Amino acid sequence: MHPLGIVTIVVVVVYILAQEIAKRVIDAKLQALYANDRYDECINLLNKPLSRILQTTYQQYVQRFTVYEAKGDAKAASFTLDTLLGLRLTKKHRLEAVTRAFNYYVQQGQGAKSKKMLAEIAASGNRELAADCRLTYAIVFSGEHGYIDQMEALLEKADPAQKAKLCFLLSKQYANVGNRERAKHFRQLAKQVERELSA
């Protein structure tokens, strides 16, 4: 092989490796900042030119939304989510974004927006996800309360993310039947699990 060809291959390999290492460093730093509730520093890191170059637009907006949501900045989170939903995305990324939006709107008590996302999830063909979201919508916005025993039975073996969701839905169901004490218990438990997840 011609020496120039070898040099070109070496340069390309080094560039790809350097890019991958830089991505991992940024991701690790972002996770460390997020775990310590340093949300403004997370946004500053995402705003840096290197972060913008190395991450896809989809990744950028998903990470920004996650940070703003954790920070409790509803205005910035909603704006970022609207921007994310307005992007041209792959089918997979679109479904992920719409599902994330559905869950966010449910948490915010925005029934109309939740319903719109639910319709898109149902049209995606993912039956299991659609059924789960329909149940969530029914509990939160339609007063459904017939799954208390079933969900409480699932709590013990649930992973932290599932447990947080189950506790949220249990708090809503107990509120739907007028049991304020149990609703408060599961609301507090949901918040505790969410804090553990973000730690």
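What you see is a predicted model, and the numbers here were worked out from it, not measured in a lab. (Residues numbered from 1 in each chain as written. Predicted model: local features only at pLDDT ≥ 70, side-chain atom pairs only at ≥ 80, totals over all residues. Heavy atoms only, no water.)

## Considerations on the pattern of salt bridges
- Using the criterion set out here, one finds five salt bridges in the structure.
- Close ionic contact of Asp 132 with Lys 165 constitutes a salt bridge, the shortest N to O distance being 2.5 Å. Taken together, the residues span a long stretch of sequence, with Asp 132 in helix 8 (residues 127-142) and Lys 165 in helix 10 (residues 160-176) at a distance of 33 residues.
- Note on Asp 132: relative accessible area 33%, which makes it partly exposed.
- A residue is classified by how much of its surface remains accessible, and Lys 165, at 26% relative accessible area, is partly exposed.
- Between Glu 152 and Arg 182 there is a salt bridge, with the nearest N and O atoms lying 3.1 Å from each other. Residue Glu 152 is located in helix 9 (residues 148-155), and its partner Arg 182 is located in helix 11 (residues 180-198); the two are separated by 30 residues in the primary sequence. (Salt bridge = Lys/Arg side-chain N within 4 Å of Asp/Glu carboxyl O. Helix = DSSP H or I, 4+ residues; strand = E, 2+ residues; numbered from the N terminus. Buried < 20%, exposed > 50% of the residue type's maximum accessible area, 1.4 Å probe, protein only.)

## A word on the packing of aromatic side chains
- Throughout the structure, instances matching the rule amount to five aromatic pairs.
- Between Tyr 34 and Tyr 39, the ring centres sit 5.7 Å apart and the planes meet at 65°, which makes this aromatic pair edge-to-face.
- Plain terms: the ring middles of Tyr 174 and Phe 186 are 5.7 Å apart, the flat faces sit at 5° to each other, and that makes the pair stacked. Of the two residues, Tyr 174 sits in helix 10 while Phe 186 sits in helix 11, which places them twelve residues apart along the sequence. (Phe/Tyr/Trp six-rings, centres within 6.5 Å; stacked < 30°, edge-to-face > 60°.)

## Here we look at the nonpolar core
- Ranked by internal contacts, the top residues of the largest apolar core, which has 49 residues, are Leu 81, Leu 85 and Phe 102.
- In terms of residue count, helix 6 (residues 91-108) provides more of this core than any other element does, seven residues in total.
- Dropping the residues within four chain positions of it, Phe 102 is found in contact with Ser 114, Met 117, Leu 118, Ile 121, Cys 133, Thr 136 and Tyr 137. (Core = buried A, V, L, I, M, F, W, Y, C linked by side-chain atoms within 4.5 Å. Contact = heavy atoms within 4.5 Å.)

## Side note on the packing of helix 5 (residues 74-85) against helix 6
- It is at 10 Å that the axes of helix 5 and helix 6 come closest, and there the two elements cross at 150°. Here helix 6 runs roughly antiparallel to helix 5, going by the angle between their axes. Viewed along their axes, helix 5 and helix 6 form a crossing whose handedness is left-handed. Judged by residue contacts, Ala 74, Ala 77, Ser 78, Leu 81, Asp 82, Leu 84 and Leu 85 of helix 5 engage Arg 94, Ala 97, Val 98, Ala 101, Tyr 104, Tyr 105 and Gln 108 from helix 6.
- The class makeup of the residues in the contact of helix 5 with helix 6 is ten nonpolar, two polar and two charged. (Axes fitted to C-alpha atoms, helices over the stretch in contact; angles between N-to-C directions. Parallel < 35°, antiparallel > 145°, perpendicular 65-115°, else oblique. Left-handed = near helix turned anticlockwise from the far one by under 90°. Nonpolar A, V, L, I, M, F, W, Y, C, P; charged D, E, K, R; others polar.)

## Let's talk about the confidence of the model for the protein
- Here the protein averages 88 in pLDDT, while 88% of its residues score no lower than 70.
- Looking over the protein, one finds the lowest element-wise mean pLDDT in helix 1 (residues 3-35), namely 69, and the highest in helix 7 (residues 111-123), namely 96. (pLDDT = per-residue confidence, 0-100.)

## A closer look at unusual backbone geometry
- Here Asp 37, not a glycine, exhibits a phi torsion of approximately 60°, which is positive.
- Secondary-structure assignment places Asp 37 in the loop between helix 1 and helix 2 (39-47).
- Its relative accessible area of 47% is what places Asp 37 among the partly exposed residues.

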